[in-house]
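# Structural description and commentary
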Amino acid sequence: MKKNILLQEYLQNEDFIVKSECAISMLKTKLQIIDADLGMRYHRKVIHSKTSRIKSYDSIVAKLERKELPENVETVKEKINDLIGVRAVCTYTDDLYEMVKMLYAQKDVKVIKEKDYIKNPKKSGYRSLHLILEIPICFQEDTQWVKIELQLRTAAMDYWAGLDYQLQYKKENKEARRISEELKEYANAIEEIDRKVLELRKRIEAI
Ligand code: 0O2
């Protein structure tokens, strides 16, 4: 397949890469501060892991195709919200919502969009909280608000999504389709485990 040179150049441009890395680093620092704050309040670790990535050219093109959007830089800037992404994994569902509340309260973070796939799971069974944020990057005497997606999920949601993701490119295979159906059932089981573990934690705290 012929690659879109302008799009490739935009993604490889130092300006884009440096700004994206700064945005990732700023959001991770904010999460670290939220983690410390909640940790002091609740005397336990809240965020267990944080990962980040800048979306690859191939993944962007696949998404544009899925959404039937034209393959150009302007469309990517405007319509692809997860060009830069951070994922934070916690143990308990209520901590995810607490983090969202704290992010809304930050003066230098704009919440552009919130998608709650925990209360409203996807047809696939996928559950997570997605926030599209904008954070200010002061760079070369200019301040730009950079768009970044934050995915918040529990450890159980995370390993479920990991398996589901692996199946995405194997859907043509019969065994993969069987596994996918089975995995869908486990999405409910995982939801129940997340709920029960949270109940247990609250009961232990009440002792
Ligand atoms: P990749 O390779 O992970 O980057 P928006 O434009 O913001 O309204 P968007 O981005 O079209 O919405 O869709 P959505 O549903 O918010 O999904 C964004 C990302 O969430 C996906 O990015 C996946 O990372 C994850 N995701 C969404 N649905 C599923 C699912 O059913 N299973 C799994 N495993 N992950 C899911 P990409 O670009 O699809 O992929």
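Please refer to the structure placed before this passage.
In this text, all values refer to a predicted model and were calculated from it rather than measured experimentally.

The rules behind these values
- Residues numbered from 1 in each chain as written.
- Predicted model: local features only at pLDDT ≥ 70, side-chain atom pairs only at ≥ 80, totals over all residues.
- Heavy atoms only, no water.
- Helix = DSSP H or I, 4+ residues; strand = E, 2+ residues; numbered from the N terminus.
- Buried < 20%, exposed > 50% of the residue type's maximum accessible area, 1.4 Å probe, protein only.
- Contact = heavy atoms within 4.5 Å.
- Areas by Shrake-Rupley, 256 points an atom, 1.4 Å probe, with all protein chains shown as cover.
- Lys, Arg positive; Asp, Glu negative; His and termini not counted.
- Charge placed at Lys NZ, Arg CZ, Asp CG, Glu CD.
- Core = buried A, V, L, I, M, F, W, Y, C linked by side-chain atoms within 4.5 Å.
- Phe/Tyr/Trp six-rings, centres within 6.5 Å; stacked < 30°, edge-to-face > 60°.
- Lys NZ or Arg CZ within 6 Å of the ring centre and 35° of its normal.
- Near = heavy atom within 4 Å.
- Polar contact = N/O pair within 3.5 Å; in protein donor to acceptor, adjacent residues only side chain to side chain.
- Nonpolar A, V, L, I, M, F, W, Y, C, P; charged D, E, K, R; others polar.
- Salt bridge = Lys/Arg side-chain N within 4 Å of Asp/Glu carboxyl O.
- Pairing = 2+ DSSP bridges.
- Axes fitted to C-alpha atoms, helices over the stretch in contact; angles between N-to-C directions.

### What to know about the overall build of the chain
When helices and strands are counted, the chain shows seven helices and five strands. Each helix (α) and strand (β) of the chain, taken in turn from the N terminus, gives the series α-α-β-α-α-β-α-β-β-β-α-α. Referenced to the eigenvectors of the C-alpha coordinate spread, the extents of the chain come out at roughly 60 × 50 × 20 Å. Relative to its full complement of 207 residues, the chain shows a buried share of 41%. In the chain, the share of contacts with a sequence separation of at least 24, taken over all contacts with a separation of at least 6, comes to 66%. When the accessible surface of the chain is summed, it comes to about 12,700 Å², and 52% of that surface belongs to carbon and sulfur atoms. Looking at the chain, you have 39 positive and 35 negative side-chain charges, and the mean spots of the two groups are 3 Å apart.

### A word on the nonpolar core
One finds M99, I148 and L150 to be the most contacted residues of the largest nonpolar core, which totals 40 residues. Among the elements of the structure, α1 (5–12), α2 (14–42), α3 (57–66), α4 (73–79), β2 (84–90), α5 (93–104), β4 (129–139) and β5 (142–154) are those that each provide at least two residues to this core. The dominant element in this core, judged by the number of residues it contributes, is α2, at seven residues. Excluding its chain neighbours within four sequence positions, the residues that come into contact with I148 are A23, I24, L27, N81, I84, G85, V86, L131, I132, L133 and I135. Among the nonpolar cores identified, the runner-up in size contains 10 residues, and Y117, A156, L167 and L183 belong to it.

### Let's talk about the packing of aromatic side chains
Enumeration over the complete set of coordinates arrives at three aromatic pairs. Measuring from ring centre to ring centre gives 5.0 Å for Y10 and F16, while their planes differ by 40°; the resulting arrangement is tilted. You can call F16 buried: its relative accessible area is 8%. For the pair Y165 and Y169, a centre-to-centre distance of 6.2 Å together with 85° between the ring planes defines the contact as edge-to-face. Sitting above the plane of the W145 ring, K110 keeps its charged end 4.1 Å from the centroid. Just above the ring of Y92 sits the side chain of R201; from NZ or CZ to the centre is 4.6 Å.

### Brief notes about the site of the ligand
Lining the immediate environment of the ligand, one finds 20 residues, of which K55, K113, K115, K122 and D164 sit closest. With respect to the ligand, the side chain of K63 contributes an N or O atom lying 2.6 Å from an oxygen atom. Look at the ligand: alone it shows 770 Å² of surface, and the protein chains cover 86% of it. A breakdown of the residues in the shell around the ligand according to their chemical character gives four nonpolar, five polar and 11 charged.

### Let's talk about the pattern of salt bridges
One pass over the full model with this rule turns up 19 salt bridges. Here D82 ties to R53 by a salt bridge, and the two come within 3.4 Å at their closest N and O atoms. In this pair, D82 is assigned in the loop between α4 and β2 and R53 in strand β1 (residues 47–54), connecting sequence segments 29 residues apart. The class of D82 is buried, set by a relative accessible area of 7%. In this structure, the salt-bridge partner of E205 is R201, at a minimum N-O distance of 2.9 Å. Remark: R201 and E205 occur in helix α7 (residues 174–206); sequence separation between them is four residues, near one turn of the helix. In this structure E205 comes out as partly exposed when scored by relative accessible area, which is 46%. Bridged by salt links that share partners, the residues R44, D94, D95, R201 and E205 form one connected network.

### Some thoughts on the sheet that holds β2
Across the sheet, five strands lie side by side as β1-β2-β5-β4-β3; this open sheet has mixed pairing. Since the sheet does not close on itself, it has two edges, and those belong to β1 and β3 (110–116), each with one partner. Averaged over neighbouring strand pairs, the angle between their axes works out to 25° when direction is ignored. Where β4 meets β5, 11 bridges bridge the pair, whose relative direction is antiparallel. Bridge pairing in β5 links L133 to I148. Strand contacts of helix α6 (residues 155–167): β2 and β5, with the helix running at about 95° to β5, the strand carrying the most contacts.

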